[in-house]
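# Descriptive analysis of the structure
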Amino acid sequence: MPLVYSCVARGSIILADHTDCHGNHHQGAAQQVLDKATTLQHIRHTYETELFCYYILIRGKFTFLAVADKSFPSKQCYRYLEQVGTIFMSGDLPRRADKVVPYGLRGEFSSDLTGLLEEWNKAYAPAPLIHSASAPAITHYTSEDDEQKLLEDQEKVTQLIKQTQEVTKTTSKNLKRMLSREALIKKIHNITNKLVVDSEDLSRRTHEHNRRLWLKEKKFTIVSVCIAIMLGTILVLILYFELS
């Protein structure tokens, strides 16, 4: 069968596993792979032996591993690991995994691994396998395509983050400018209102001043007329008495 072993680990500590083969030679080889995987920066990685491929998928502090013969497509194996990771991460197991001992989740998650292995193996025709009695030596690993794809994805994510930061920075600047303009417009509006009030007050005081000047002029004219009338009356009286 294509998939022969699968496990879930916290770092290099296996939490739950399942194998469709007799013996524990895949478990021993998987432990070697996990020991190497703790130093990796990649999300995906593939190790090869003479007969099998060891695929690992890293999600945070958890590593999902599958062993398949070389007839099993690597893309399908990673899809299988994605499904295992999704099921494991969706429940309460990640929180509890910090405190359990090695193989402490066998009773709770190994049945899921069993069902998934059977489901995926039924989808593919069985391939003849030659099982070794001892753990296969890991001769070399191939992950150039995955690494290249990962680097490209990381570069795209980095560019997207930079673009997002630039957009955020530009938006922040524009917002600050808008707030500054709004404050300036408000200040100008207040100054305009003050000028309007001052101009109205000045107009009122000018009107009152002009009115006072007009009354002063009229008062002088009235007094002058009254004096002239009084003088004229006196002159008329004097002339009247002299003639009489």
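Quantities reported herein were computed from a predicted structural model and do not represent experimental measurements.

Once that is clear, we can look at the overall build of the chain. In terms of helices and strands, the chain carries five helices and six strands. Overall, the chain shows an N-to-C arrangement of helices and strands of β-β-α-β-β-β-α-α-α-β-α. Here the chain holds 244 residues, and the buried ones make up 28% of them. For the chain, long-range pairs separated by at least 24 residues make up 63% of all intrachain contacts whose partners lie at least 6 apart in sequence.

Attention now moves to the pattern of salt bridges. Considering all chains together, one arrives at 11 salt bridges under this definition. In this structure, Arg59 and Glu82 form a salt bridge, with 2.6 Å as the shortest nitrogen-oxygen distance. Placement of the pair is Arg59 in strand β4 (residues 52-59) and Glu82 in helix α2 (residues 74-90), with a sequence separation of 23 residues. Residue classification places Glu82 among the partly exposed positions, given a relative accessible area of 26%. In this structure, Glu108 and Arg96 form a salt bridge, with 2.6 Å as the shortest nitrogen-oxygen distance. Here Glu108 is found in helix α4 (residues 106-122), whereas its partner Arg96 is found in helix α3 (residues 93-96), with 12 residues between them in sequence.

What follows is about the confidence of the model for the chain. Chain-level statistics for the chain give a pLDDT mean of 81 and a share of 84% at 70 or above. Scored below 50 in pLDDT, residues 127-136 shows 24 contacts in the model against residues more than four places distant or in partner chains. The model gives residues 138-144 a pLDDT under 50, and that stretch makes 18 contacts with residues more than four places away or in other chains.

A few words on helix α1 (residues 25-37). With 13 residues, α1 should reach 18 Å at 1.5 Å per residue; the first-to-last C-alpha distance of 18 Å fits that figure. Looking only at α1, the buried set comprises His25, His26, Ala29, Ala30, Val33, Leu34 and Ala37. As for α1, its buried residues are in contact with β1 (3-10), β2 (13-19), β3 (44-48), β4 and β5 (62-69).

Turning our eyes to something else, we now look at a positive patch on the surface. A cluster of basic residues, Lys169, Lys173, Lys176, Arg177 and Arg181, forms a positive patch at the surface. Of note, Arg177 is situated in helix α5 (residues 144-243).

With that settled, consider the pairing of β1. Consecutive residues of a regular strand have side chains that alternate between opposite faces of the sheet. Within β1, eight of the eight residues are buried, leaving the element largely enclosed by the surrounding structure. As defined by bridge partners, β1 adjoins β2 across six bridges and the pair is classed as antiparallel. From the neighbouring strand, Tyr5 faces β2, where its bridge partner is Thr19. In this structure, the hairpin formed by β1 and β2 is closed by a connection of two residues, where Gly11 is found at a positive phi of approximately 70°.

Attention now goes to α2. The terminal C-alpha atoms of α2, which comprises 17 residues, lie 24 Å apart, in line with the 24 Å expected from a rise of 1.5 Å per residue. Buried within α2 are the following residues: Gln76, Cys77, Tyr78, Tyr80, Leu81, Val84, Gly85 and Phe88.

Definitions and cut-offs
Residues numbered from 1 in each chain as written. Predicted model: local features only at pLDDT ≥ 70, side-chain atom pairs only at ≥ 80, totals over all residues. Heavy atoms only, no water. Helix = DSSP H or I, 4+ residues; strand = E, 2+ residues; numbered from the N terminus. Buried < 20%, exposed > 50% of the residue type's maximum accessible area, 1.4 Å probe, protein only. Contact = heavy atoms within 4.5 Å. Salt bridge = Lys/Arg side-chain N within 4 Å of Asp/Glu carboxyl O. pLDDT = per-residue confidence, 0-100. Expected span 1.5 Å × (residues − 1). Patch = residues over 30% accessible without salt bridge, like charges linked within 9 Å, V, L, I, M, F, W, Y side chains within 5 Å. Areas by Shrake-Rupley, 256 points an atom, 1.4 Å probe, with all protein chains shown as cover. Lys, Arg positive; Asp, Glu negative; His and termini not counted. Charge placed at Lys NZ, Arg CZ, Asp CG, Glu CD. Pairing = 2+ DSSP bridges.

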